[in-house]
Amino acid sequence: MTHPLIPQIIDLATPIAQKMGLEIVDVVFQTNKRPPVLRVDIRNPTSDTSLNDCEQVSRALESILDETAIMPGAYVLEISSPGISRYLSNERDFIAFKGFEVNVTTNPPYMDKKQWQGRLQGRDEKAIYLNRKGRAIAIPCSLVTQVQLAD
């Protein structure tokens, strides 16, 4: 379940990233850690995401979060590149990683399974399509909770 502050954080972080020519890929607030960790994954669409990109977003976002005081108490802010083990979230990801091995998690289970692995064939508004050992499978988007590149 997504933390209720995530949409507000995305609203604050997106214009910061856009001004720097970057994209927000994912935001996770890990409240089970002490202090809690706010992790923001960014991507540079024109080149590799650099340490400098992460530092610039960190400074700017930290300032805005302090000004707005939406974060409850102490927290750790982490800005990073999503890396290869990342989640697929937008149309561009699903196009870029077509043919790659992915793990799909569903809730509730689909055909009595919550975890699916296969080669990504595509996605539309109805389903995510996988090739599993030569067999095509369409997993309804309404049941999918995450899609991640396989290790």
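The following refers to the structure shown. Predicted, not measured: the structure shown is a model, and the values here were computed from it.

**Comments concerning the pattern of salt bridges**
Pairing of side chains with opposite charge becomes possible as their charged atoms draw close.
Okay, step 1: With the rule as written, the count across this model stands at five salt bridges.
Okay, step 2: With a shortest N-O distance of 3.1 Å, Arg-123 and Glu-91 are connected by a salt bridge. Of this pair, Arg-123 sits in strand β5 (residues 113–123) while Glu-91 is found in helix α3 (residues 91–96), placing the two residues 32 residues apart along the sequence.
Okay, step 3: What you see here is one network of salt bridges that share partners, running through Asp-26, Arg-39 and Asp-41.

**Quick look at the nonpolar core**
Okay, step 1: With 21 residues, the main nonpolar core has Ile-9, Leu-38, Val-40, Leu-61, Leu-65, Met-71 and Ile-79 as its most contacted residues.
Okay, step 2: Broken down by secondary-structure element, the contributors of at least two residues to this core are α1 (6–19), β1 (23–30), β2 (37–43), α2 (51–68) and β3 (76–80).
Okay, step 3: Considering each element in turn, this core owes the most residues, five residues, to α1.
Okay, step 4: Apart from residues lying up to four places away in sequence, Ile-9 is in contact with Val-27, Leu-38, Leu-65, Ile-70 and Met-71.
Okay, step 5: Counting 16 residues, the second largest nonpolar core, distinct from the first, contains Val-102, Leu-130, Ile-137 and Ile-139.

**What to know about the packing of aromatic side chains**
Okay, step 1: Across all of its chains, the model carries two aromatic pairs by this definition.
Okay, step 2: Seen from their ring centres, Phe-97 and Phe-100 are 5.1 Å apart, and the 80° between their planes marks the pair as edge-to-face.
Okay, step 3: Given a relative accessible area of 12%, Phe-97 falls into the buried group.
Okay, step 4: Here Lys-113 stacks its cationic end above the ring of Trp-116, 4.4 Å away from the centre of that ring.

**Regarding the packing of α1 against α2**
Okay, step 1: In the contact formed by α1 and α2, the axes pass within 10 Å of each other and the chain directions differ by 140°. With respect to their mutual orientation, α1 and α2 come out oblique. You can see that α1 and α2 cross each other, and the crossing is right-handed. Contacts from Ile-9, Leu-12, Ala-13 and Ile-16 in α1 reach Ala-60, Leu-61, Ile-64, Leu-65 and Thr-68 in α2.

Calculation criteria
Numbering of residues starts from 1 in each chain and follows the order in which that chain's sequence is written. Totals for whole chains, interfaces and linings use all residues, but because this is a predicted model, local features are given only for residues with pLDDT of at least 70 and pairs of side-chain atoms are given and counted only at 80 or more. Each side-chain value is worked out from all heavy atoms of the structure, with water and hydrogens disregarded. For this analysis, a salt bridge means a side-chain nitrogen from Lys or Arg found within 4 Å of a carboxyl oxygen belonging to Asp or Glu. Strands are runs of DSSP state E lasting at least 2 residues, helices are runs of H or I lasting at least 4, and numbering of each runs from the N terminus. Residues enter a nonpolar core if they are buried and are Ala, Val, Leu, Ile, Met, Phe, Trp, Tyr or Cys, with the set joined through side-chain atoms within 4.5 Å. Exposure classes here rest on a 1.4 Å probe applied to the protein chains alone. A residue is buried below 20% of its type maximum, exposed above 50%, and partly exposed in between. Contacts are residue-level and defined by heavy atoms, with any inter-residue pair within 4.5 Å sufficient. Stacked, tilted and edge-to-face pairs are distinguished by plane angle, under 30 degrees for stacked and over 60 for edge-to-face with tilted covering the rest, among Phe, Tyr and Trp rings (Trp via its six-membered ring) whose centres lie within 6.5 Å. By definition here, charges over rings are those cases where NZ of Lys or CZ of Arg is within 6 Å of the ring centre and within 35 degrees of the ring normal. To get an axis, fit a line to the C-alpha atoms, keeping to the stretch in contact for a helix; angles then go from 0 to 180 degrees between the N-to-C directions. Oblique is the label for any angle not under 35 degrees, not over 145, and not in the 65 to 115 range, which are roughly parallel, roughly antiparallel and roughly perpendicular in turn. Crossing chirality is assigned from the near helix's rotation relative to the far helix, an anticlockwise turn below a right angle marking it left-handed and a clockwise turn marking it right-handed.

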